[in-house]
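Letter by letter, the chains look like this.
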Amino acid sequence: MDKKVLAVLILCLLLVDVYAATKKTTKKKKSKKSKEKKADAEAPTFVSFASESDKLAEQRKAKAEAQEATKQGEKEQVAETKNVEIDTSEQPTPPPPPPPPPTTSPPAEKNETQAKVDDTPNNENKEQAATQQEKAKASDGATTTADGEESLVVTLTRANFDDIVLDKSKIVLVQFSAPWCKHCQDLEPTWRGVAKKLAKQRDDIIVATMDATQYTSTAQRFDAAKGYPNIRLFTKEDKTGDIEFVGHRSENSIMSFIRMEGPWSRTYDFVQHFTTYKWNTIVEDPDVSALAYFYVPWGLKRGDTDVLSALGETLAEPGKEVVVGLFDVSIPRHRPIADKFDVKKTPQLIFFSKDNKKGDLIYPLDKLGWSFPEILSWVEDGGKAPSEVDEDL
């Protein structure tokens, strides 16, 4: 019994050893196969890396060859360009032009002026050139309208203003305007009509216009750079610019203004227009007697001016020597003088004798009316207060 058990045990041990040996052998085979597979897997990667390296090397080589060819082409092109330049320089140059013959005549005045302008700085050149162009433009006098109609209105600039406006042989009516001003645009046909009428009647009156926004400094000299259109009259005797038109901007109103304010004819030669300057130098002068007519342009009547002109001519005779003049109270700068003498309504006639500048010698126009003999007698008697006139009545 013991022998059989022992034999079985020995047999089992042998089977175990065989199984272990077989398993070990199988494991070794599997390990060997795994290594072979791994080696096979790594081998293609090594081959692929080598193939990519060859490709990169070939690309670099091709790029280098292309760059070398490009450089070689540029060198050849530069060489060809140099050859062309050399060939061009070898061509014979044309002979220089002969010098101009010397001139014995003196240079023209225009060239001398231009030479002087060229010697000045650039900004002065521009100003002088603009001034010369302005003078040339203004010398023609008449201009042409957009409709092709010839206009007798003179365009004033900084260059020609003093030569035209301050000429004591001329009466100049100036409109200071602005291009964007609607009232100025509406006034243009009326202004041309006034210029046309005056040109037919007198040759010493100029109707002009000036852009006060472009030539502001010139307009400011006469306080005319505010409020457009600003109309000023420059008479032969008065170039202060104080005679300002304030009224309805129609041809008739402007023509009446010109007739009254300027020395239009002998009828008005003895009637002056009192400005602020003339008031201070004539009416306030203790050695001068003056008869002042306070008015507004739209209330002026022809009959009144006829009486004034007759009074002016008569009172200008030796021994009387009374200055007769008009004073427009609608002008803003004249208001202080009107307020000083309490002028609240127009027309009003006040006598300023040599010894009485108070302004209390007021002729009662509302009671006596416009009577040349009565006014003349009143002035010759030295003027009377309203109460004395009432007692005489």
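Bear in mind the structure is a predicted one, so any value in this text is a computation, not a measurement. (Residues numbered from 1 in each chain as written. Predicted model: local features only at pLDDT ≥ 70, side-chain atom pairs only at ≥ 80, totals over all residues. Heavy atoms only, no water.)

A. Just the overall build of the protein chain, in detail. For the protein chain, the helix and strand inventory stands at 13 helices and twelve strands. In the protein chain, which comprises 393 residues, the proportion classed as buried is 34%. A sequence separation of at least 24 residues applies to 68% of the contacts in the protein chain between residues at least 6 apart. If you sum the accessible surface of the protein chain, you get close to 25400 Å²; carbon and sulfur atoms cover 54% of it. (Helix = DSSP H or I, 4+ residues; strand = E, 2+ residues; numbered from the N terminus. Buried < 20%, exposed > 50% of the residue type's maximum accessible area, 1.4 Å probe, protein only. Contact = heavy atoms within 4.5 Å. Areas by Shrake-Rupley, 256 points an atom, 1.4 Å probe, with all protein chains shown as cover.)

B. Quick peek at the sheet that holds strand S4 (residues 171-177). Taken in spatial order, the five strands of this open sheet run S3-S5-S4-S6-S7, and their pairing is mixed. Each edge of the open sheet carries a strand with a single partner, namely strand S3 (154-156) and strand S7 (243-245). Averaged over all adjacent pairs, the angle separating strand axes in this sheet is 30 degrees, with direction ignored. In the sheet, S4 pairs with strand S6 (residues 230-234) via five bridges, with the strands oriented antiparallel. For Val172, the partnering residue across the bridge sits in S6 and is Phe234. (Pairing = 2+ DSSP bridges. Axes fitted to C-alpha atoms, helices over the stretch in contact; angles between N-to-C directions.)

C. The packing of aromatic side chains, seen in detail. For the structure shown, the criterion picks out 16 aromatic pairs. Note on Phe161 and Phe222: the rings are 5.5 Å apart at their centroids and 35 degrees apart in plane angle, and the pair reads as tilted. Taken together, the positions of Phe161 in helix H4 (residues 161-165) and Phe222 in the loop between helix H6 (216-220) and S6 put the pair 61 residues apart, joining distant regions of the chain. Ring centres of Trp279 and Phe352 lie 5.3 Å apart, and the angle between their planes is 85 degrees; on these two criteria the pair is classed as edge-to-face. Of this pair, Trp279 sits in helix H8 (residues 276-283) while Phe352 sits in strand S11 (residues 348-352), and the two are 73 residues apart along the sequence. Note on Trp279: relative accessible area 1%, which makes it buried. Grouped by ring-pair contacts, the aromatic residues Phe274, Trp279, Phe294, Phe327, Phe341 and Phe352 constitute a single cluster. (Phe/Tyr/Trp six-rings, centres within 6.5 Å; stacked < 30°, edge-to-face > 60°.)

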